[in-house]
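Architecture and fold: a report
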Amino acid sequence: MRVLKNILSQLHEYVVWAILAAVLWGFVFNFLTDAPEEKKLVLFAEVESCRDRELSAALEARRPEGIRLIQAHSFDYAMFDETGLLNADVYIVPIESVEGYRDSFRPLDPAALPAAAGELLELDGEPCGIRVWDGESGCAADFLGYGEGEYYLFLGANSLHAGEKDMAAYWLIGELLNMN
């Protein structure tokens, strides 16, 4: 009885140590499984459902040289990591959301686009988006649960992989367009 009383009197200390250990291991796990921005590609899709792990794995199986990690997320993930959303390489959004995210997109380089690129959407006279879902079919439909209407793919304004460092974002665009 005395041993049990002693343990219960120090329970708060055990709980604090358990929380600290969990936080520490969370940082260690994140450090080991993440990659710096220069070595990863990030896709955010504003869709009804996203099989992000499966899509990431399918893309990583063919990743280009110099890229260590490819992450696909739905916009819901941004509740936990807004910085990741703002620095994404590629976005897929419904046509209704384009104006709201306009500052997050950069113009596309038509010469760097893959042959599979479909209808382009122009903003301010420059090609910025590629239609990837027409309401019935489109790219990566096995992984992305599109809603009704049209969806477009955009290049991120802050992407390091659209010419500054390399052209890996255009590789990602090509891979997504070829996933029919």
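**Brief notes about the environment of Glu-60**
- Take Glu-60: it is sitting in helix α3 (residues 52-60).
- Judged by relative accessible area, which is 22%, Glu-60 ranks as partly exposed.
- Separated by 19 residues in sequence, Glu-60 and Leu-41 place their C-alpha atoms 9.7 Å apart.
- Excluding residues within four positions of it along the chain, Glu-60 makes contact with Arg-68, Leu-69 and Ile-70.

**Digging into the pattern of salt bridges**
- Counted according to the given criterion, the structure contains six salt bridges.
- Close ionic contact of Asp-124 with Arg-102 constitutes a salt bridge, the shortest N to O distance being 2.9 Å. Taken together, the positions of Asp-124 in the loop between β6 (120-123) and β7 (126-133) and Arg-102 in the loop between α5 (98-101) and β5 (105-106) put the pair 22 residues apart, joining distant regions of the chain.
- The partner of Arg-131 in a salt bridge is Glu-119, and the shortest N-O contact between them spans 3.3 Å. Of this pair, Arg-131 sits in strand β7 while Glu-119 sits in the loop between β5 and β6; the two residues are 12 residues apart in sequence, bridging distant segments of the chain.
- On the basis of relative accessible area, Glu-119 is assigned to the partly exposed category, the value being 41%.

**Some points on the side chain of Ser-74**
- With respect to the helices and strands, Ser-74 occurs in strand β3 (residues 69-74).
- With residues near it in sequence (within four places) discarded, Ser-74 still touches Phe-44, Ala-45 and Cys-50.

**Observations concerning the nonpolar core**
- Leu-55, Ile-92, Leu-144, Tyr-146, Ile-173 and Leu-176 are the most contacted members of the largest nonpolar core, which has 35 residues in total.
- For this core, the secondary structure elements donating two or more residues are β1 (40-45), α3, β3, β4 (90-94), β7, β9 (151-156) and α6 (168-177).
- In terms of residue count, the dominant contributor to this core is α6 (seven residues).
- In this structure, Leu-55 is in contact with Leu-43, Ala-72, Phe-143, Leu-144, Leu-176 and Met-179, ignoring residues within four places of it in sequence.

**What about unusual backbone geometry?**
- Backbone geometry places Asp-124, a non-glycine residue, at a positive phi of 55 degrees.
- Phi is positive for Ala-140, close to 55 degrees, though the residue is something other than glycine.
- In this fold, Ala-140 is placed in the loop between β7 and β8 (144-145).

**Points about the pairing of β3**
- Burial of β3 is extensive: six of the six residues sit out of reach of the surface.
- Both β1 and β3 contribute to a ladder of six bridges, which runs parallel. Opposite Ala-45, over in β3, you have Ser-74 as the bridge partner.

**As for the environment of Ile-70**
- Within the secondary structure, Ile-70 sits in strand β3.
- Discounting residues that sit within four places of it in the chain, Ile-70 has contacts with Leu-41, Ser-56, Leu-59, Glu-60, Arg-63 and Trp-171.

About the cut-offs
Residues numbered from 1 in each chain as written. Predicted model: local features only at pLDDT ≥ 70, side-chain atom pairs only at ≥ 80, totals over all residues. Heavy atoms only, no water. Helix = DSSP H or I, 4+ residues; strand = E, 2+ residues; numbered from the N terminus. Buried < 20%, exposed > 50% of the residue type's maximum accessible area, 1.4 Å probe, protein only. Contact = heavy atoms within 4.5 Å. Salt bridge = Lys/Arg side-chain N within 4 Å of Asp/Glu carboxyl O. Core = buried A, V, L, I, M, F, W, Y, C linked by side-chain atoms within 4.5 Å. Pairing = 2+ DSSP bridges.

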